[in-house]
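Residue-level structure breakdown
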Amino acid sequence: MSLCEGAARVIPVEERVGAVFAAAGAEARLHAVAIGPGPSVPNGPPGRAGSPDGAGSEDGRASEDGAGSEDRAGSAGRAEIAIGADEPVVLASVFKVLLVLEFARQVAAGQLDPRERVWVTADDRLGGWGTAGCLDDIEVSLRDLAHFAMSVSDNSAADLLLARVGTDTVRLLAAELGLHRTRILGGPRQSLETMLAEVGARDEREFAAIYPSLTAERLRGLSVLDPERTSASTPREITRLLELIWRDEAGPPEACARVRELMGRQVFRHRLVSGFPDEVRVAAKTGTLPGLHAEAGVVHYPDGGRYAVAVFARTGDPVTNRTAVDSAIGAAARIAVEALREGRG
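What counts, and where the lines are drawn
Residues numbered from 1 in each chain as written. Predicted model: local features only at pLDDT ≥ 70, side-chain atom pairs only at ≥ 80, totals over all residues. Heavy atoms only, no water. Buried < 20%, exposed > 50% of the residue type's maximum accessible area, 1.4 Å probe, protein only. Helix = DSSP H or I, 4+ residues; strand = E, 2+ residues; numbered from the N terminus. Arc of directions from axis to C-beta. Contact = heavy atoms within 4.5 Å. Salt bridge = Lys/Arg side-chain N within 4 Å of Asp/Glu carboxyl O. Phe/Tyr/Trp six-rings, centres within 6.5 Å; stacked < 30°, edge-to-face > 60°. Lys NZ or Arg CZ within 6 Å of the ring centre and 35° of its normal. Pairing = 2+ DSSP bridges. Axes fitted to C-alpha atoms, helices over the stretch in contact; angles between N-to-C directions. pLDDT = per-residue confidence, 0-100.

**Notes on helix α6 (residues 167-176)**
Owing to its 3.6 residues per turn, the α-helix brings residues three or four apart onto one side. Along α6, the positions that sit buried rather than exposed are Val170, Leu173 and Ala174. Buried residues in α6, looked at end-on, bunch into an arc of 100°, giving them a common side. Turned more than 90 degrees from where α6 packs its buried face, Leu172 and Glu176 sit exposed. Here the buried face of α6 lies against α3 (96-108) and α5 (155-165). Positive phi shows up at Gly178, right after α6, with a value of about 80°.

This is the structure:
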């Protein structure tokens, strides 16, 4: 037997990623790309002034920082792992990255005062984390809305921020950045109201009562789960958005730094973060709907290697809490990034 015949077969990255999701009862679309030198991702306690991108100051101004080193996959930053990377995917809350970027750009341009106060009332609350789950009316600043929208995926905060910056402006931003397959139809409330109407519920409480009785086929037919009928993009366009933000090319440097810093504050660690060791920093944004699990972010290694990753997983059943799928997102991301670092992208 020859050496070639006796050698172990090298399993392609795509096959390994597919096996990870198959074991979790899901399929996924993924794009991972090595991004070139530029400002660093946040380091240390979230929001603390003096992090590498300098975006943690009270007035939102960013300081200058050193450029990161070139990643191992190539100085051009074009090594990639692509699995259905150009197929349309439902954005869900991943759209909040684009929303907060537009907010940060308007602040940098002097069009918005980040300290402007906003009331979050019972009519605004959607349930969930942050202001969306408060029992009483509260007053917060616009920049706190951005913080809650990114750190805990606060849907009420996102809706109020979207109303202030303008849905049309967010759409124009996507076009300006060359994200021509990214479509923003509205915020979380619009998605909720669409679901209520499609199942015949008058409010969230009635929807919660009806939901268990809906068949999987009926739920899969909801427009919020169809990338052709809701806010959508492609994994490749989302990593492109992240790359532009991390290279200070998505707007003024202080605006990009603000988005990086806020993504570094996300509290959820069950998806991308779960796949990497503690010394690897991840700044990311989740997206979740029944049967849909997504996360997009930038992975930063101690040696300066930086990788934008977007993973959009879909299960056969419309369950939002699937720990195995969440863990698979982290495992798949690490497989993809390690392949890039080994030069196999």
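Here the narrative resumes, following the displayed structure.
**A closer look at the pattern of salt bridges**
One side chain can pair with another of opposite charge once the charged atoms of both are near each other. The full count for this structure, using the stated rule, is 19 salt bridges. Residue Arg240 is joined to Glu243 by a salt bridge in which the shortest nitrogen-to-oxygen separation is 3.5 Å. With a gap of three residues between them, Arg240 and Glu243 both fall in helix α10 (residues 235-246), about one helical turn apart. The exposure class assigned to Glu243 is buried, which follows from its relative accessible area of 4%. The partner of Arg265 in a salt bridge is Glu261, and the shortest N-O contact between them spans 2.5 Å. In this structure, Arg265 and Glu261 share a single accessibility class: buried. Three or more residues joined by partner-sharing salt bridges are found here, namely Glu80, Asp86 and Arg236.

**Regarding the packing of aromatic side chains**
Summed over the entire model, instances satisfying the criterion amount to four aromatic pairs. Both rings, one in Phe207 and one in Tyr211, keep their centres 5.7 Å apart while their planes meet at 50°; by these two values the pair is tilted. Here the aromatic cluster, defined as three or more aromatic residues joined through ring pairs, consists of Phe276, Tyr301 and Tyr307. The positively charged end of Arg341 is found above the aromatic ring belonging to Tyr301, 3.8 Å away from the centroid.

**Some remarks on the sheet that holds strand β7 (residues 281-289)**
Strand order in this open sheet of five strands is β2-β1-β9-β8-β7, and the pairing throughout is antiparallel. A single partner strand is all that each edge strand has here, and the edge strands are β2 (80-83) and β7. For this sheet, the mean angle separating the axes of adjacent strands, direction not counted, is 15°. Where strand β1 (residues 26-34) and β2 come together, four bridges link them in antiparallel fashion. From the neighbouring strand, His31 faces β2, where its bridge partner is Ala82. Contacts from helix α2 (residues 13-23) reach β1, β2 and β9 (306-315), with the element oriented near 140° to β1. The strands touched by α10 are β1, β2, β7, β8 (292-300) and β9; relative to β9, the strand with the most contacts, the crossing angle is about 150°.

**What to know about the pairing of β7**
Counting buried positions over the nine residues of β7 gives eight, a clear majority of the element. Relative to β8, β7 runs antiparallel, the two being bridged by nine bridges. Across the sheet, residue Thr286 finds its bridge partner in β8, namely Glu295. With antiparallel pairing between neighbouring strands as the criterion, β7 and β8 make up a hairpin whose turn holds two residues, including Gly291 at a positive phi of roughly 80°.

**Describing the confidence of the model for the protein**
Summing up the model confidence of the protein, the mean pLDDT is 86 and the portion of residues at 70 or higher is 83%. Note that residues 1-7 has pLDDT below 50 and, in this model, one contact with residues that lie over four places away or in other chains.

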